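# Coordinates in review
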Amino acid sequence: MFCDQAEIKVKAGKGGDGLVGWRREKYCPYGGPDGGDGGGGGNVILRVNCNLNTLSDFRRAKLFKAEDGENGAGNNMHGKSAEDLILEVPEGTQVTSLVSKKNICDLTTDGQEFILARGGRGGFGNAHFTSSTRQAPDFAELGEPGEELEVRLDLKLVAQVGIIGFPSVGKSTLISRISNAKPKIADYPFTTLIPNLGMVKVGSKDFVVADVPGLIEGASEGKGLGHEFLRHVERTLILIHMLDPLRDDIVKDFEVINNELKKFDSSLVRKPQIIVINKIDALDQELQEMLVKDFKKRMHTRKKVFVISAVSGKGLDELLYEIKNRLEDYESKAKPIKQDVPKDKIFRPHLKDMDQRFFIDKKRRKFTVHGKRLEQIAVMTDMSNPSAMDRLRDVMKKKGVFKELSRMGAKDGDKIEIGPVVISYDQILFR
Ligand SMILES: Nc1nc2c(ncn2[C@@H]2O[C@H](COP(=O)(O)OP(=O)(O)OP(=O)(O)O)[C@@H](O)[C@H]2O)c(=O)[nH]1
Ligand SMILES: [Mg+2]
């Protein structure tokens, strides 16, 4: 398979910490709590952009990190939530977890979005914890850490440009000069047995070029190797039709190949072609000019004919810019950037929707509490603040964690682990 691949690490932003703050006004000396909540951390979102066709941007950078949320402030001021980090990927990108090796998502339509790593929730400030029984809470929550993920991105390459022509005209030599492909090159026909795909960069434009095995007369009926590979050029936008002046007659060659294209699929011959005469290092200037003139005359065409040497590199820049311009022209007409596509709804977790269930694992004298919401509260608990730890115990009591622990036979001195917090059982009971 021809794949473009990249391995990246993404990290969503941490939520801002809640603040422990107190109102201090002139006529209100015993003001209540006014510490605001932290803002949410930024998500890392993948978004499909139909104008991209490679993953080359992800091969340079490896870590993509969204911003953290701002901390809460006094006077009940909430911290600002961070912007999401949007990573644009081409259509057809598949995302796989590097840890579990499981497929995470397939991104197939322009504008589609997927939250790859969820930003952490902002911590509540102390004002949030005021209740009839707790009028002066002296603790606040820490911001929740953002999700971290290591993934592989895979893109099945679809070539925008195909190089066609008789065997040994220099198709593989050209792709090896202009792209990262390393094909086999030799002076006998049918050196290329399967198509080579290579990524080409011209200025800021990336595109994929396919070097197809040589075609001969009768290819459309299965002669030579070209037949089934013509399918690869079906999806290209432009063809480079390569001619070899060291063969008998380039006009005849040109017509034979076009005839085969037509026989295989009549739409193939209507694809725009860039006519390229290769191996001009083997001809002097006068011969080159004569050849081009004769070709145009006999083909009754005014089209530009590019003369290049894939070996020496002569004429390649001009050819590459022609391809780039044609592709950009084609894309601006055929595939405009779609601005108003309905986006897949972005899922933002809400406290109410969060899974409240838990279960407890027992290993000797250690009990581990698992549960999304409980673990979230634990990770957001400021362990250095005794009041914050009291609140964690309260929550555990209310949710029935203690009941379950005692049913499972927990005793004084046993360790209870929940997220990053470890407490002993008696510490919970005596509170
Ligand atoms: N003098 C000269 N020789 C060239 C040039 N480009 C390619 N060749 C030679 O032509 C021969 C065939 O080149 P390839 O690139 O393998 O040709 P191909 O079109 O891929 O051939 P198939 O894979 O068999 O269809 C090799 O010996 C190359 O060195 C060129 O610009 N000048
Ligand atoms: Mg070849």
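These numbers were taken from a predicted model, which means no experiment stands behind them. (Residues numbered from 1 in each chain as written. Chains lettered and ligands numbered in written order. Predicted model: local features only at pLDDT ≥ 70, side-chain atom pairs only at ≥ 80, totals over all residues. Heavy atoms only, no water.)

### Some words on the overall build of the chain
Just so we agree on the cut-off: Secondary structure elements are taken from DSSP: a helix is a run of H or I of four residues or more, a strand is a run of E of two residues or more, and numbering for both begins at the N terminus. Radius of gyration: over C-alpha atoms. The globule rule applied is 2.2 Å multiplied by the number of residues raised to the 0.38 power. For the exposure calls, accessible area comes from a 1.4 Å probe over protein chains only, and a residue counts as buried if that area is under 20% of its type's maximum, exposed if over 50%, partly exposed in between. All tallies of charge rest on Lys and Arg as positive and Asp and Glu as negative; His and the ends of each chain are not included. By convention, charge coordinates are those of NZ in Lys, CZ in Arg, CG in Asp, or CD in Glu.
Scanning the chain from terminus to terminus reveals 10 helices and 18 strands. Scaling as 2.2 N^0.38, a compact globule of 431 residues should have a C-alpha radius of gyration of about 22 Å, whereas the chain reaches 33 Å, well beyond that. The principal-axis extent of the C-alpha atoms belonging to the chain is close to 100 × 55 × 35 Å. The burial tally for the chain puts 47% of its 431 residues in the buried class. A distance of 4 Å separates the average location of the 70 positive side-chain charges in the chain from that of its 63 negative side-chain charges.

### Here's the deal with the sheet that holds strand 12 (residues 238-243)
This is how it is decided: The rule for pairing is simple: two strands pair if DSSP sees at least two bridges between them. Between the N-to-C directions of two axes lies an angle of 0 to 180 degrees, each axis being a line fitted to C-alpha atoms and, for a helix, fitted only over the stretch in contact. By definition in these notes, contact holds between two residues if any of their heavy atoms fall within 4.5 Å.
One open sheet accounts for six strands, arranged 10-11-9-12-13-14; its pairing is mixed. In this open sheet, the two strands that pair with only one neighbour each are strand 10 (196-202) and strand 14 (305-307). Taken over all neighbouring pairs, the strand axes of this sheet differ in orientation by 30 degrees on average, direction set aside. Its contacts with the sheet place helix 2 (residues 171-178) against strand 9 (161-164), strand 10, strand 11 (205-211) and strand 12, and it is angled at close to 45 degrees to strand 10. Where helix 4 (residues 250-264) meets the sheet, it contacts strand 9, strand 12 and strand 13 (273-277), and its direction lies at approximately 145 degrees from that of strand 12.

### Concerning the domain arrangement of the chain
Counted only if it meets this: Segmentation into domains, and thus their bounds, comes from an automatic or database assignment. Note on definitions: buried area is the accessible-area loss of two parts on being combined, 1.4 Å probe, summed for both. Take a side-chain nitrogen of Lys or Arg and a carboxyl oxygen of Asp or Glu: if they are within 4 Å of each other, that pair is a salt bridge. For the purposes of these results, a polar contact is taken to be a pair of N or O atoms within 3.5 Å, where, inside protein, one atom must be able to donate a hydrogen and its partner to accept one; residues adjacent in sequence count only when each atom of the pair is a side-chain atom. Residues are sorted three ways: Asp, Glu, Lys and Arg are charged, Ala, Val, Leu, Ile, Met, Phe, Trp, Tyr, Cys and Pro are nonpolar, and all the rest, Gly among them, are polar.
Partitioning the chain into domains gives domain 1 (3-156), domain 2 (161-334) and domain 3 (354-429). Relative placement of domain 1 and domain 3: their C-alpha centres are 26 Å apart. At the boundary of domain 1 with domain 3, total buried surface from both sides reaches about 1000 Å², with 53% on carbon and sulfur atoms. Joining domain 1 to domain 3, the criterion identifies two salt bridges. Here domain 1 and domain 3 share five residue pairs in polar contact (both at pLDDT 80 or more) between them. Tallied by class, the residues present in the side of domain 1 that touches domain 3 amount to five nonpolar, three polar and five charged.

### Brief notes about the pattern of salt bridges
Under the counting rule described, the total for this entry stands at 23 salt bridges. The residue Lys-324 makes a salt bridge to Glu-328 at a minimum N-O spacing of 3.7 Å. With Lys-324 and Glu-328 both in helix 6 (residues 316-334) and four residues apart, this pair spans about one turn of that helix. When salt bridges that share partners are traced, they join Lys-9, Lys-11 and Glu-148 into one network.

### A look at helix 2
Taking burial as the measure, the eight residues of helix 2 include six buried ones, the bulk of the element. Taken residue by residue, helix 2 has Lys-171, Ser-172, Thr-173, Leu-174, Ile-175 and Ile-178 as its buried positions.

### As for the sheet that holds strand 15 (residues 359-363)
Strands sit in the order 15-16-17-18 across an open sheet of four strands; the sheet is mixed. Each of the sheet's edge strands pairs with one partner strand only, and the pair in question is strand 15 and strand 18 (421-424). Taking each pair of neighbouring strands and ignoring which way they run, the sheet shows an average axis angle of 25 degrees. Both strand 15 and strand 16 (residues 366-370) contribute to a ladder of five bridges, which runs antiparallel. Residue pairing in the sheet places Asp-361 in a bridge with Thr-368 of strand 16. Most of the contacts of helix 7 (residues 372-379) go to strand 16, to which it runs at about 105 degrees, and overall it touches strand 16, strand 17 (415-418) and strand 18. Its contacts with the sheet place helix 8 (residues 386-398) against strand 17 and strand 18, and it is angled at close to 80 degrees to strand 18.

### Looking at the site of ligand 1
Put simply, the rule reads: Here a residue counts as near a molecule or strand whenever at least one of its heavy atoms sits within 4 Å of it. Accessible surface is estimated by sampling points in the Shrake-Rupley manner with a 1.4 Å probe; for residues, cover comes only from the protein chains shown.
Of all residues adjacent to ligand 1, which total 22 residues, the nearest are Lys-171, Ser-172, Thr-173, Phe-190 and Thr-192. Taking Val-169, its main chain carries an N or O atom lying 3.2 Å from an oxygen atom of ligand 1. The fraction of the free accessible surface of ligand 1 (660 Å²) that becomes covered by protein chains is 87%. The residue inventory of the shell around ligand 1, partitioned by class, reads nine nonpolar, nine polar and four charged.

### Re the packing of aromatic side chains
Heads up, the rule is: Here a Phe, Tyr or Trp ring, Trp counted by its six-membered ring, pairs with any other such ring whose centre lies within 6.5 Å, and the pair is stacked when the planes are under 30 degrees apart, edge-to-face when over 60, and tilted otherwise. Charge over a ring is defined by NZ of Lys or CZ of Arg lying within 6 Å of the ring centre and within 35 degrees of the ring normal.
All chains considered together, the criterion is met by four aromatic pairs. Among the aromatic residues, ring-to-ring pairing joins Phe-124, Phe-129 and Phe-139 into one connected group. Its guanidinium or amino end placed over the ring of Phe-124, Arg-121 lies 4.6 Å from that ring's centre, counting from NZ or CZ. Just above the ring of Phe-306 sits the side chain of Lys-304; from NZ or CZ to the centre is 5.0 Å.

### Topic: helix 4
Inclusion rule: By this rule, a helix spans an expected 1.5 Å times one less than how many residues it contains.
With 15 residues, helix 4 extends 21 Å from end C-alpha to end C-alpha; this agrees with the ideal 21 Å at 1.5 Å per step. Every buried residue belonging to helix 4 is among Ile-250, Val-251, Asp-253, Phe-254, Val-256, Ile-257, Asn-258, Glu-260 and Leu-261, and all of these are buried. Sitting at the amino-terminal end of helix 4 is Asp-249, which places a side-chain oxygen 3.1 Å from the backbone nitrogen of Val-251.

### With respect to the pairing of strand 9
Looking down a regular strand, the side chains alternate between one sheet face and the other. Going residue by residue along strand 9, you find Val-161 and Ile-163 tucked away on one face and Gly-162 and Ile-164 tucked away on the opposite face as well. Two strands pair when backbone bridges link them, and strand 9 and strand 11 are joined in this way by three bridges, in the parallel orientation. The partner of Ile-163 across the bridge, within strand 11, is Asp-211. Note that strand 9 and strand 12 share four bridges and pair parallel. When the bridges of strand 12 are listed, Ile-164 appears paired with His-241.

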